[in-house]
2 protein chains.
Amino acid sequence: MDGKPYIAQRPKRADGRRNYDAILAAARKAFESTGADASLEDIASQAGVAIGTLYRHFPTRASLVEAATRDGLENLVSHAERLSGAPDPLDALTAWMREAVAHFSTFRGLVGILARSMYDEGTPSHTMCNAMHRSGADLLRAAQAAGSVRPDLTPDELFDLLSGAAWVREQAAGGRDGSPRFLRLVLEGITIPRA
Amino acid sequence: MDGKPYIAQRPKRADGRRNYDAILAAARKAFESTGADASLEDIASQAGVAIGTLYRHFPTRASLVEAATRDGLENLVSHAERLSGAPDPLDALTAWMREAVAHFSTFRGLVGILARSMYDEGTPSHTMCNAMHRSGADLLRAAQAAGSVRPDLTPDELFDLLSGAAWVREQAAGGRDGSPRFLRLVLEGITIPRA
DNA sequence: TGACATCCTGAGGGTGCCTCAGATTAAATG
DNA sequence: CATTTAATCTGAGGCACCCTCAGGATGTCA
């Protein structure tokens, strides 16, 4: 709402950097085992740091999540760029979509945060989400130009499908693994059979 | 986990029934405006009742959610039965799916609870979810028998698609309304074009 | 009018969130 | 090395919510 999303950046002093890294590591572990709503106080103590220190570096839960997932999303974007000139645009798109769903469901609760960030500026992850949106849109456009994907599918819809798939995967994470199947259905639903 | 899900039932004494109803009404309002994680203490005070009374009738947040949504899901099931002999099984299925998605996204957070209940017995909503599962499976089978829907789609997958759609709708509820589009994509993806 | 099962109350202990005034300490400077 | 300064750290404390339970209140039935 205030227009200036807080993006966590590594602090300057040595002890600051040490703690920043320790907190990030503890957060990754906690998020993966407990979900995006893991206790921040647990994370702080796990990192051997007082709660105030955590808040100094990551004033918001969202900013911590952003920092913990930035690498993965950056990889996703750069992978898209590497795929952008692939001989078979449909293969490229499907490979990327699989990877995207995997990243979106790194831990429970992440998709929800990303989905919100996608269209809500003023959110820490919004920038990265925008970049992803662009990469995905490029791959989609290419596949559509090649006549492999229904031409009326918009990038926004693509991301709805991706996040829906990730959410289902997230839910199923405990019991049955009905997740790769979901994406396959989606893919078969949007592709145009080769003549 | 303990195998005996608690299903809220109307109490016997007059004051008990009064309070039960007041709590339920307050809960519906709160869930709709705030989501499934609305404050239980707010709900209690909104119902003019002490917090202990709320817990007496609904020992668990899940049991309160179940009670608040039971009617809607019952309607959904009975509607499926009414549709079961329809002349066009595909129309019947799609109509029912639209209605299901609408019910699943009555308020923020509901789909998640239902998705969990679907495959986790010992959950208040599990019984109702099972009934829905059966109704949906019937409609699906009919549409498949008529050659209108891909024959390899399983009921479990149908519900993954439905809950995915509901989740996306739930997310989009605030801003853009990219939700009916999602279900349309899914539907077009699973149907077999008429020859 | 009892008598009793049902129901209600709200204080209290527990957890997590977030802030802030004061104590520390890394690093730059002379 | 001593001093200074700005960055960093600490953790008590206020707030909100969760859930429980012992004791009080009350409707119901005979």
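Residues numbered from 1 in each chain as written. Chains lettered and ligands numbered in written order. Predicted model: local features only at pLDDT ≥ 70, side-chain atom pairs only at ≥ 80, totals over all residues. Heavy atoms only, no water.

**Description of the overall build of chain A**
Scanning chain A for helices and strands turns up nine helices and zero strands. The order of helices and strands in chain A, counted from the N terminus, is α-α-α-α-α-α-α-α-α. Along the three orthogonal principal directions, the C-alpha set of chain A runs to about 65 × 35 × 30 Å. Looking at chain A as a whole, 49% of its 195 residues qualify as buried. (Helix = DSSP H or I, 4+ residues; strand = E, 2+ residues; numbered from the N terminus. Buried < 20%, exposed > 50% of the residue type's maximum accessible area, 1.4 Å probe, protein only.)

**Describing the nonpolar core**
Within the largest apolar cluster, 125 residues are counted, with the highest numbers of intra-cluster contacts made by A:Ile43, A:Trp96, A:Phe104, B:Ile43, B:Trp96 and B:Phe104. Apart from residues no more than four positions distant in its own chain, B:Ile43 is found in contact with B:Ile23, B:Ala26, B:Ala27, B:Ala30, B:Phe31, B:Ala38, B:Leu54 and B:Leu64. (Core = buried A, V, L, I, M, F, W, Y, C linked by side-chain atoms within 4.5 Å. Contact = heavy atoms within 4.5 Å.)

**Overview of the protein's contact with DNA strand C**
Taken together, 23 residues form the shell around DNA strand C, and within it A:Tyr55, B:Arg13, B:Asn19, B:Thr53 and B:Arg56 come nearest. Restricting attention to atoms of DNA strand C within 4 Å of the protein, one finds that 66% of them are sugar or phosphate atoms. Here B:Lys12 contributes a backbone N or O atom positioned 3.1 Å from a phosphate oxygen of DNA strand C. Within the residue set of the surface near DNA strand C, elements represented by two or more residues are α1 (14–34), α2 (40–46) and α3 (51–57) of chain A together with α1 (14–34) and α3 (51–57) of chain B. (Near = heavy atom within 4 Å. Polar contact = N/O pair within 3.5 Å; in protein donor to acceptor, adjacent residues only side chain to side chain.)

**Focus: the protein's contact with DNA strand D**
Around DNA strand D, 23 residues are found, and the nearest of them are A:Arg13, A:Asn19, A:Thr53, B:Ala14 and B:Tyr55. Among atoms of DNA strand D positioned within 4 Å of the protein, sugar and phosphate together represent 63%. Separating a phosphate oxygen of DNA strand D from a side-chain N or O atom of A:His57 is a distance of 3.0 Å. Sorting the residues of the surface near DNA strand D by element identifies α1 and α3 of chain A together with α1, α2 (40–46) and α3 of chain B as the ones contributing at least two each. At five residues, α3(A) tops the list of elements feeding residues into the surface near DNA strand D.

**Remarks on the relation of the copies chain A and chain B**
Between chain A and chain B, the superposition needs a rotation of 180° and an axial shift of 0.0 Å, giving an RMSD of 0.0 Å. Overall, the copies show the geometry of a two-fold rotation axis. When C-alpha positions in chain A are compared against the rotation axis, the closest is assigned to A:Gly189, at 1.7 Å. When you check the interface residues of chain A against chain B, 100% turn up at the interface there too, and the contact is symmetric in its surfaces. (Least-squares fit on C-alpha atoms with pLDDT ≥ 70 in both.)

**Considering the domain arrangement of chain A**
Residues and elements named next belong to chain A. In terms of domain boundaries, chain A breaks down into domain 1 (14–59) and domain 2 (63–190). Taken over C-alpha atoms, the centre of domain 1 sits 27 Å from the centre of domain 2. In this assembly, 15 residues from domain 1 lie in contact with 13 residues from domain 2. There are two salt bridges connecting domain 1 and domain 2. A salt bridge links Asp71 to Arg28; the shortest N-O distance between them is 3.9 Å. (Domains from an automatic or database assignment. Salt bridge = Lys/Arg side-chain N within 4 Å of Asp/Glu carboxyl O.)

**Here's the deal with the interface of chain A and chain B**
Contacts between the two partners involve 23 residues from chain A and, on the opposite side, 23 residues from chain B. Taken together, the two surfaces of chain A and chain B that pack against each other cover about 2200 Å², and 57% of this comes from carbon and sulfur. Across the contact surface, chain A and chain B share six salt bridges. A salt bridge links B:Asp152 to A:Arg181, with the shortest nitrogen-to-oxygen separation between them at 3.6 Å. Here chain A is connected to chain B by four residue pairs in polar contact (both at pLDDT 80 or more). Elements with a minimum of two residues in the side of chain A that touches chain B: α6 (110–119), α8 (155–172) and α9 (179–190) of chain A. The greatest single-element share of the side of chain A that touches chain B, amounting to eight residues, is contributed by α8(A). Classifying every residue of the side of chain A that touches chain B gives nine nonpolar, six polar and eight charged. (Buried area = accessible area lost by both parts, 1.4 Å probe. Nonpolar A, V, L, I, M, F, W, Y, C, P; charged D, E, K, R; others polar.)

**Comments concerning the pattern of salt bridges**
Enumeration over the complete set of coordinates arrives at 22 salt bridges over all chains. Salt bridges sharing common partners tie together A:Arg150, A:Asp152, A:Glu157, B:Arg181, B:Arg184 and B:Glu188.

**Description of helix α5 (residues 89–104) of chain A**
The end-to-end C-alpha distance of α5(A), which contains 16 residues, comes to 22 Å, matching closely the 22 Å that a straight helix rising 1.5 Å per residue would cover. Regarding α5(A), the residues found buried are A:Pro89, A:Leu90, A:Ala92, A:Leu93, A:Thr94, A:Trp96, A:Met97, A:Ala100, A:Val101 and A:Phe104. (Expected span 1.5 Å × (residues − 1).)

**Describing the UniProt feature "domain: HTH tetR-type" (unreviewed entry) in chain A**
The UniProt entry lists residues 17–76 of chain A under the feature "domain: HTH tetR-type" (unreviewed entry), expressed in the numbering used here. Taken end to end, residues 17–76 of chain A has its terminal C-alpha atoms 26 Å apart, with 80% of it in helix and 0% in strand. (UniProt positions renumbered as here; feature names shortened; annotations may be inferred.)

**Overview of the packing of aromatic side chains**
When we look at a pair of aromatic rings, we describe it by the centre distance and by the angle of the planes. A complete count under the given rule lists seven aromatic pairs over all chains for this structure. Look at A:Trp167 and B:Trp167: their rings are 5.8 Å apart centre to centre, the planes differ by 15°, and that puts the pair in the stacked class. Here A:Trp167 is found in helix α8, whereas its partner B:Trp167 is found in helix α8 (residues 155–172) on a different chain. The class of B:Trp167 is buried, set by a relative accessible area of 5%. (Phe/Tyr/Trp six-rings, centres within 6.5 Å; stacked < 30°, edge-to-face > 60°.)

**Some details on the side chain of B:Ser125**
Within the secondary structure layout, B:Ser125 lies in the loop between α6 (110–119) and α7 (126–145). Ignoring sequence-local partners within four residues, the contact set of B:Ser125 consists of B:Glu66, B:Leu114 and B:Ser117.

**Section: the packing of helix α5 (residues 89–104) of chain B against α8(B)**
Residue and element names in this part refer to chain B. Interaxial distance between α5 and α8 falls to 8 Å at its minimum, and their mutual angle equals 50°. By the angle between their directions, the pair α5 and α8 is classed as oblique. For α5 against α8, the interelement crossing comes out right-handed. On the side of α5, the interface is formed by Trp96, Met97, Ala100, Val101, Ala102 and Phe104, while α8 contributes Leu158, Phe159, Leu162, Ser163, Ala165, Ala166 and Arg169. In the contact of α5 with α8, the residues fall into eleven nonpolar, one polar and one charged. (Axes fitted to C-alpha atoms, helices over the stretch in contact; angles between N-to-C directions. Parallel < 35°, antiparallel > 145°, perpendicular 65-115°, else oblique. Left-handed = near helix turned anticlockwise from the far one by under 90°.)

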